[in-house]
Amino acid sequence: MNAFEALGLNEQLVQAIADLGFETPTPVQEKAIPVLLSGTTDFIGLAQTGTGKTAAFGLPLLQLIEPTERHAQALIVCPTRELCLQITNDIETYKKHCRGIFTEAVYGGASIMMQIRNLKKGVQIVVATPGRLIDLIERKAIDLQKVKYVVLDEADEMLNMGFRDDIDFVLKNTINRESTWLFSATMPPEVRAISKNYMDNPKEVTVGKKNSGNVNIDHQYFIVPAQFRYEALKRLIDFNPGMYGIIFTRTKADAQEISERLAKAGYDIEALHGDLTQQQRDKVMGRFRSKSLQLLIATDVAARGIDVDGITHVINFELPDDMEVYTHRSGRTGRAGKTGICLSICHSRESYKIRTLEKMINSKFHKVDVPSGKEVCRKQFFHFMDKLMQADLSHGDYETYLPDLVSKFSDISKEEVLQRVAALEFNHFLKYYENAEDLNRNDVRGDRRIPERNDMRAGPDRERSSYTRRDSGYTRLFVNLGTKDGFYKASFLQFILDESDLKKEVLGKIDMREMNSWVEIDKAEATRMINAIDGKRYNNRIIRMNEADGGFKRPADEGRKRIYASKEKRSFR
Ligand code: AMP
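None of the values given here were measured: they were computed from a predicted structure.

A look at the site of the ligand
Close to the ligand lie 14 residues, the nearest being Thr24, Gln29, Gly50, Gly52 and Thr54. One of the side-chain N or O atoms of Gln29 is found 2.7 Å from a nitrogen atom in the ligand. Taking Gly52, its main chain carries an N or O atom lying 2.7 Å from an oxygen atom of the ligand. Expressed as a share of its isolated accessible area of 500 Å², the protein-covered part of the ligand is 75%. For the shell around the ligand, the residue count by class is three nonpolar, eight polar and three charged.

So, the nonpolar core
Counting residues in each nonpolar core, the largest one holds 42 residues, and the members touching the most others are Leu9, Ile76, Ile125 and Trp181. Listed by contribution, the elements that provide at least two residues to this core are helix 2 (11–20), helix 3 (27–36), helix 4 (53–64), strand 2 (74–77), helix 5 (81–94), strand 4 (125–128), strand 5 (149–152) and strand 6 (179–184). Here this core gets seven residues from one element, more than from any other, and that element is helix 4. Residues in contact with Leu9, not counting those within four places in the same chain, are Phe4, Val14, Ile17, Ile33, Leu37, Leu59, Pro60 and Gln63. Counting 32 residues, the second-largest nonpolar core is a separate cluster that includes Leu144, Val147, Met158 and Leu159.

Points about the side chain of Ser344
One can find Ser344 in strand 13 (residues 340–346). A relative accessible area of 0% means that Ser344 is categorised as buried.

So, the pattern of salt bridges
Per the stated rule, a full pass over the model turns up 21 salt bridges. Between Lys353 and Glu350 there is a salt bridge; the shortest N-O distance is 3.7 Å. The closest approach of N and O atoms between Asp369 and Lys367, which form a salt bridge, is 3.3 Å. For the pair formed by Asp369 and Lys367, the shared burial category is buried. Beyond isolated ion pairs, a larger network of salt bridges with shared partners links Lys53, Asp153 and Glu154.

Re the layout of surface pockets
To locate leftover empty space, one rolls a probe as large as a water molecule over the atoms. Reported here for the largest pocket is a volume of approximately 1200 Å³. Every residue lining the largest pocket is counted, 39 residues in all, and those nearest its centre are Arg250, Val301, Ala490, Leu493 and Lys504. Residue assignment for the lining of the largest pocket shows that the elements contributing at least two residues are helix 5, helix 8 (155–160), helix 12 (252–264), helix 14 (300–303), helix 15 (323–330) and helix 20 (489–500). No other element matches the six residues that helix 20 contributes to the lining of the largest pocket. Its residues assigned to classes, the lining of the largest pocket comprises 14 nonpolar, eight polar and 17 charged.

Structural notes on the packing of aromatic side chains
The final tally for this structure, using the stated rule, is 13 aromatic pairs. Put simply, the rings of Phe487, Phe492, Phe495 and Tyr538 pair up and form one aromatic cluster. Stacked on the ring of Tyr230, the Lys or Arg Arg261 has its end atom at 3.7 Å from the ring centre. One Lys or Arg, Lys379, reaches over the ring of Phe239 and ends 4.1 Å from the middle of that ring.

Focus: the pairing of strand 2
Residues Ala74 and Ile76 line one face of strand 2 and the alternating positions Leu75 and Val77 line the opposite face, and both faces are buried. By the bridge criterion, four bridges tie strand 2 to strand 4 in an arrangement that is parallel. Bridge pairing links Ala74 to Ile125 in strand 4. Inspection of the sheet shows strand 2 paired to strand 5 by four bridges, in the parallel sense. Residue pairing in the sheet places Ile76 in a bridge with Val151 of strand 5.

Overview of the sheet that holds strand 3 (residues 103–106)
What the seven strands build is an open sheet, ordered 3-4-2-5-6-1-7; its pairing is parallel. Across the chains shown, the open sheet's two edge strands, defined by having one partner strand only, are strand 3 and strand 7 (203–206). Taken over all neighbouring pairs, the strand axes of this sheet differ in orientation by 15° on average, direction set aside. Where helix 10 (residues 189–198) meets the sheet, it contacts strand 1 (43–46), strand 5, strand 6 and strand 7, and its direction lies at approximately 170° from that of strand 6.

Quick word on the packing of helix 9 (residues 164–173) against helix 10
Interhelical geometry of helix 9 versus helix 10 gives an angle of 15° and a closest axis separation of 11 Å. The pairing of helix 9 with helix 10 is recorded here as roughly parallel in orientation. As helix 9 runs across helix 10, the sense of the crossing is right-handed. Facing Arg164, Ile167, Asp168, Leu171 and Lys172 of helix 9, the residues of helix 10 in contact are Glu190, Ile194 and Tyr198.

Re unusual backbone geometry
Of note, Lys291 is a non-glycine position whose phi angle comes to about 65°, a positive value. Topologically, Lys291 is positioned in the loop between helix 13 (278–289) and strand 11 (295–299). The phi dihedral of Asp501 is positive, around 55°, even though this residue is not glycine. Relative to the helices and strands, Asp501 is located in the loop between helix 20 and strand 16 (507–512).

Notes on the packing of helix 20 against helix 21 (residues 523–533)
It is at 8 Å that the axes of helix 20 and helix 21 come closest, and there the two elements cross at 90°. With respect to helix 21, the axis of helix 20 lies roughly perpendicular. Contact residues: Ile496, Glu499 and Ser500 in helix 20; Arg528, Met529, Ala532 and Ile533 in helix 21. Its residues assigned to classes, the contact of helix 20 with helix 21 comprises four nonpolar, one polar and two charged.

Reading the values: rules and limits
- Residues numbered from 1 in each chain as written.
- Predicted model: local features only at pLDDT ≥ 70, side-chain atom pairs only at ≥ 80, totals over all residues.
- Heavy atoms only, no water.
- Near = heavy atom within 4 Å.
- Polar contact = N/O pair within 3.5 Å; in protein donor to acceptor, adjacent residues only side chain to side chain.
- Areas by Shrake-Rupley, 256 points an atom, 1.4 Å probe, with all protein chains shown as cover.
- Nonpolar A, V, L, I, M, F, W, Y, C, P; charged D, E, K, R; others polar.
- Core = buried A, V, L, I, M, F, W, Y, C linked by side-chain atoms within 4.5 Å.
- Buried < 20%, exposed > 50% of the residue type's maximum accessible area, 1.4 Å probe, protein only.
- Helix = DSSP H or I, 4+ residues; strand = E, 2+ residues; numbered from the N terminus.
- Contact = heavy atoms within 4.5 Å.
- Salt bridge = Lys/Arg side-chain N within 4 Å of Asp/Glu carboxyl O.
- 1 Å grid on protein atoms, 1.4 Å probe; cavity = no way out; pocket = protein on both sides within 12 Å on 5 of 7 lines; lining within 4 Å.
- Points joined across faces, edges and corners; volume = space filled by probe spheres on them.
- Phe/Tyr/Trp six-rings, centres within 6.5 Å; stacked < 30°, edge-to-face > 60°.
- Lys NZ or Arg CZ within 6 Å of the ring centre and 35° of its normal.
- Pairing = 2+ DSSP bridges.
- Axes fitted to C-alpha atoms, helices over the stretch in contact; angles between N-to-C directions.
- Parallel < 35°, antiparallel > 145°, perpendicular 65-115°, else oblique.
- Left-handed = near helix turned anticlockwise from the far one by under 90°.

As structure tokens, then:
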């Protein structure tokens with residue numbers, strides 16, 4: 001008996017799986033499918049992207065759907081439109097031998113009228129992002145009364161993105177729900193609260209701490225002073241000429257700015273972030289998927305759920321705030337048995353994060369030095385020589401031209417011809433890296449090379465970048481607001497930024513607890529944030545905010561002066 005058949009799946013589904021070439025169920029499929037096929041058991045799957053979780057819930061759903069009933073029977077809610085489309089596509093392939101089952105993806109940024117029209121045709125499985133789903137419910141385009149199965153995919157991410165009320169609404173209003181299936185990479189208290197409030201004795205399954213692909217990922221990090229981040233990124237790209245990669249930034253502004261600078265410098269790169277229209281995003285993704293685009297730079301939200309084959313490198317331009325986000329990012333590479341490399345550009349203050357990450361994913365991180373200009377050039381040379389040797393000579397009538405070529409070069413040596421070819425290809429590289437500086441933070445030893453100099457001047461690309469200010473360091477602020485005040489990270493972040501009129505870039509790590517939180521902030525902006533927030537009221541309670549590690553005086557003219565001075569310095573480019 002086929003392994004999928006043994007889990008209880010019907011013939012049509014087993015056939016579709018065979019067509020896809022899946023031979024054995026993944027661990028999450030093995031554990032989830034038999035439970036979910038009962039149709040009445042609530043389920044929690046702690047599993048990340050790349051573990052095969054879409055099939056783990058998609059296949060049982062297809063078997064449970066009653067094809068003769070033409071109304072919404074299953075609702076899959078997920079955080080982003082990319083993931084929404086991907087789940088829908090996967091389900092379409094799984095159901096290709098099933099008759100009478102229809103699915104529809106509903107997500108923001110696309111025509112709602114078209115989605116309403118399609119839903120009216122009698123769709124049984126609706127895959128939705130929360131915002132659009134609520135919109136459709138309010139317009140009475142979806143009837144939740146007959147929904148039997150609700151799947152929450154990437155629940156932690158939906159809560160991080162501020163969809164808590166929407167999820168509550170959906171769960172409260174699907175009154176004839178027979179079972180709820182929740183998938184999440186992590187189990188923060190907010191996700192636990194959903195299971196407590198809306199699920200009945202759920203069966204909980206964890207599939208490893210890491211992505212199935214993670215054993216194949218080499219995690220490397222580079223300690224670089226903050227003002228060299230951009231230059232370090234450039235070197236890492238140059239040092240890996242065959243790279244097909246995704247670069248992650250924390251903000252849209254960073255993604256946009258870096259992509260513009262690199263594109264101007266001749267790199268094949270585009271940005272993917274929330275400010276693009278759906279059409280622009282599809283275009284960028286289409287080019288990246290077909291490999292006509294070499295590099296994609298994206299924020300976490302925009303890249304959520306992206307499943308592209310053959311990515312060789314993931315680069316963290318900065319380490320993410322959330323440790324779990326790291327596993328999502330690195331999971332874009334090293335998929336389907338291939339190897340991959342995840343490179344993180346870090347500040348020396350972030351070494352502790354690396355230790356935590358090592359424990360979390362149970363893998364060693366290798367500290368590597370940013371390559372020198374010479375190393376980059378050597379690597380480029382060898383790459384070019386390989387290309388030269390692999391050049392396809394099977395087409396073209398080289399024989400005809402050979403005598404002329406030979407006579408043209410008869411007076412110069414083979415070495416000189418090679419030099420000239422190399423000069424044509426490499427002049428720009430050699431010039432660029434001629435006086436390249438050491439970008440590594442020299443007080444920390446690398447595994448591979450210990451820098452000899454203590455010279456921190458900028459590299460050949462001597463622009464002052466927006467990242468310079470990070471080097472001035474952070475301070476930590478205490479605030480007496482926490483999750484019990486109804487905040488989760490994203491909404492808390494929004495709250496303090498709105499109140500203080502500061503930009504997200506000034507913030508570092510945010511630690512939220514039930515009663516209190518701690519916020520890392522650029523030292524130069526700390527006074528401004530405290531002045532804006534300390535003493536205000538939130539839900540009738542006075543907010544206290546002060547410097548966590550003591551010694552802070554407020555409100556000081558001295559401090560104000562510092563803020564204005566630093567603002568002048570902050571001008572971009
Ligand atoms: P997911 O975690 O749902 O994003 O799935 C990750 C990738 O694994 C997708 O490209 C699936 O097509 C693939 N996949 C899912 N189940 C299996 C399986 N049993 N064997 C091989 N590949 C699978």
